[in-house]
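# A closer look at the structure
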Amino acid sequence: MIKEERFQDAINTLNTIPESSTTRAGLSLLGHCYYQTQDYIEAANCYEHLINLVPDVQEYRLYYSQSLFQAGLFDEAQKIIATGLDSPELKEKVLQLQSAIAYGNEDYTAAQSLLLQRQDGNGQEASTKNDEGCLLYQANMYEEALQRYVSALQAGGFNPHVAYNAALCHYRRKENSQALNYIAEIVERGIRNHPELGVGAQAETEGGARSVGNPPALAASGLAQAFNLKAAIEYQEANVEGAREALTDLPPRSEPELDPVTLHNMALTDPTGGGAGLRRLAFLLELGPPTCPPETFANLLLLCCKHEMYDTAADILAEHTHLTYKYLSPYLYDLLDALITAQSTPEEAEQKLGTLASSIGGRLRALAAKVQECRSATDQNALRMALREYEGALESYLPVAMARAWIPWRMDDFQGAEREFRASAEFCSETPSWRLHAAHVLFMRGDRYKEAAAFYEPIVRQNYDDILSIPASVLANLCVAYIMTSQNEEAEELMRKVERAEERKGNATGQCLHLCIVNLVIGTLYCAKNNYEFGLSRIAHALDGGSGARLCADTWIHVKRCVLGLLTGMAKQTIVLPSIALQETLNFLRACEAYGITIPSVLTGPLEDSGEQPPTIGLEARKLRALLLRLMEYK
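Residues numbered from 1 in each chain as written. Predicted model: local features only at pLDDT ≥ 70, side-chain atom pairs only at ≥ 80, totals over all residues. Heavy atoms only, no water.

On to the overall build of the chain, then. Within the chain, the regular secondary structure consists of 33 helices and 0 strands. Referenced to the eigenvectors of the C-alpha coordinate spread, the extents of the chain come out at roughly 100 × 70 × 45 Å. Counting the 635 residues in the chain, one finds 45% classified as buried. Contacts spanning at least 24 positions in sequence make up 58% of the contacts within the chain whose residues lie at least 6 apart. In the structure as shown, the chain presents an accessible area of about 33,200 Å², 50% of it carried by carbon and sulfur atoms. (Helix = DSSP H or I, 4+ residues; strand = E, 2+ residues; numbered from the N terminus. Buried < 20%, exposed > 50% of the residue type's maximum accessible area, 1.4 Å probe, protein only. Contact = heavy atoms within 4.5 Å. Areas by Shrake-Rupley, 256 points an atom, 1.4 Å probe, with all protein chains shown as cover.)

Here you go:
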């Protein structure tokens, strides 16, 4: 069984033999099998019994220490090494383990010192080069680290873990194409050498593939690391769907079998919403280092802020103050602090963000001057480095600029938000996300539709052949901007384009809401202008008369706002609708009542679980219909 790498079967068989837990042979086999199945605590227990049973065999002391190290118990592993592990034959392995423990404890000086004591003989050159690269990587010296990894690959032949380290250096240097080349080679070799791992089986069976567990072949292949890095690259490039696909291509495993990095990345790309992702990240954070990936703390806080759970973010910061200085950069801490502060004292938050923006703005100006100097000197390497630095600083500046505009935006001060956008235009005016949000601000001003359209149009033109990839809000706002500037033909042409795209996609399930949202926004616009007859007919058309799959909490909120506006106007006797229009509205609400009888009418937050049954669209539609009937009968 062990020869065939059926370690779990071997464990099950050994556990049926009473002598296995009391004899050297049984404990040695069990320890080896537990280690190979990555059950390091059980392996450590076996080796602990062995060093008591045969204290003269120092290999068992080494294996005990290795098991403790793999379980994340670094201090305990170091104590075992310090108490009698002095065999000359094991010296190199002990030094390697000690440097790994120091590295795991983030004592990089000690790790470097131990590394210098190691010999390059006996085929250890590749291992030493790789470890040198790891130390350089931790010091953010990615170019030097990459050189060591390439030397290790040349000295020892292809090793998926060393190739992954090289890919990671390219990723940090924003050289994604080179990183993907290494990833492709790791995946190709993994599929060829280990077909039993079922790479891609999850996608082929739509998540129904049988788990392969965590066999040694998976650890040796480097496939988990490669696919996770590919997912990180896709996620960084804002291709969340591509990141999900990369994670789906991983060998199939059940959730309890997933490694922490995979669990972390699945949390960030979870398609069901923020709830599952937040819970996974919170679970990882409770495990703590070294099991928890270092990025978990920052990403959990950012995800809370994304879902406007600022109180939760503040509580997490307060409960884990020991992690704040370890895992949050001063920049990220200042940004999160300002976002949380904005909930209670916006003025103080504005001041904090202003200080942060001034600091990064000054750095951007200095880097822009440096880029110009490098261009004049025609030094291509220096120019690439300067451009990379400038882009990195701009990535830091953009969230600060958005946060400064968000503070007045949330108070409906769109003029103040526009002022903040103008202040950041010096650096961000060519950034797509900045232009998109600037367009939203101009649109919300209510008197700047032409300018808003000028920002929206390039976004639409750029993706005109794949129009459904454009956010529905952009298409809807552009149509409204056209209508408000008497460009009705352009609005109709855009809507026809969206309709044709949805027909080609075969959108029978109602999952694509682009045309629906465009019609809802236009219908709401007409209702806001007191043209309820046309506005409500447009809304009913958008939702297939209230009996289509497009009726959901997201779309229902627009329906009830417009109907309540109509009811308010009728109650004040400022709106009069023809009887046929009122009858159509009643029919529409009746259809919504029937179809939405079990559909929740409100969106809940990712962690909201009050235990109460949420109101349904059917119930609210019935109440609205009853109110409309009462007003129609009022004399």
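There's more to say after this.
Within this structure, the stated rule accounts for 14 aromatic pairs. With centroids separated by 5.2 Å and ring planes inclined at 75°, the aromatic side chains of Tyr397 and Phe427 adopt a geometry described as edge-to-face. Residue Tyr397 is located in helix 23 (residues 380-409), and its partner Phe427 is located in helix 24 (residues 414-428); the two are separated by 30 residues in the primary sequence. Accessibility classification places Tyr397 together with Phe427 in one group, the buried group. Between the aromatic rings of Tyr526 and Phe534, the centroid separation amounts to 4.7 Å while the plane-to-plane angle is 70°, which identifies the pairing as edge-to-face. Taking the relative accessible area as the measure of exposure, Tyr526 reaches 21% and is therefore partly exposed. Of the residues examined, Phe534 reaches a relative accessible area of 35% and is grouped as partly exposed. The lysine or arginine in question, Arg189, covers the ring of Phe158, its NZ or CZ lying 4.1 Å from the ring centre. (Phe/Tyr/Trp six-rings, centres within 6.5 Å; stacked < 30°, edge-to-face > 60°. Lys NZ or Arg CZ within 6 Å of the ring centre and 35° of its normal.)

Below, the discussion takes up the pattern of salt bridges. Under the defined criterion, the tally for this structure stands at 30 salt bridges. In this structure, Arg404 and Glu420 form a salt bridge, with 3.4 Å as the shortest nitrogen-oxygen distance. Of the two residues, Arg404 is situated in helix 23 and Glu420 in helix 24; the sequence distance between them amounts to 16 residues. Residue classification places Arg404 among the partly exposed residues on the basis of a relative accessible area of 24%. Each of Glu418, Arg422, Arg445, Arg448 and Glu451 takes part in one network of salt bridges that share partners. (Salt bridge = Lys/Arg side-chain N within 4 Å of Asp/Glu carboxyl O.)

This part takes up the environment of Glu430. Within the secondary structure layout, Glu430 lies in the loop between helix 24 and helix 25 (432-445). Glu430 gets classed as exposed once you look at its relative accessible area, which sits at 66%.

Here the focus is the state of the cysteines. Under the defined criterion, the tally for this structure stands at 0 disulfides. As a non-bridged cysteine, Cys292 has Cys304 as the owner of its nearest cysteine sulfur, 14 Å distant. Free cysteine Cys562: the closest other cysteine sulfur is in Cys527, separated by 3.8 Å. (Disulfide = S-S within 2.5 Å.)

Looking now at unusual backbone geometry. Its identity is not glycine, yet Glu106 carries a phi of approximately 60°, on the positive side. Along the chain, the position of Glu106 falls in the loop between helix 6 (91-104) and helix 7 (108-116).

A few words now on a negative patch on the surface. A contiguous patch of negative charge on the surface is contributed by Glu286, Asp311, Asp315 and Glu319. The biggest single contributor to the negative patch is helix 19 (residues 310-319), with 3 residues. Locating Asp315 in the fold gives a position in helix 19. Since its relative accessible area comes to 44%, Asp315 is described here as partly exposed. (Patch = residues over 30% accessible without salt bridge, like charges linked within 9 Å, V, L, I, M, F, W, Y side chains within 5 Å. Lys, Arg positive; Asp, Glu negative; His and termini not counted. Charge placed at Lys NZ, Arg CZ, Asp CG, Glu CD.)

Judged by nonpolar contacts, the single largest core of 84 residues is most densely connected at Phe297, Leu301, Leu328, Tyr397, Trp434, Ile467 and Leu475. Looking at this core, the element that brings in the most residues is helix 23, giving 11 residues. Every residue in contact with Leu475, bar those within four places of it in the chain, is listed here: Val460, Ile467, Ile470, Leu494, Val498, His514 and Val518. Counting 37 residues, the second largest nonpolar core, distinct from the first, contains Tyr182, Ala217, Ala226 and Ala231. (Core = buried A, V, L, I, M, F, W, Y, C linked by side-chain atoms within 4.5 Å.)

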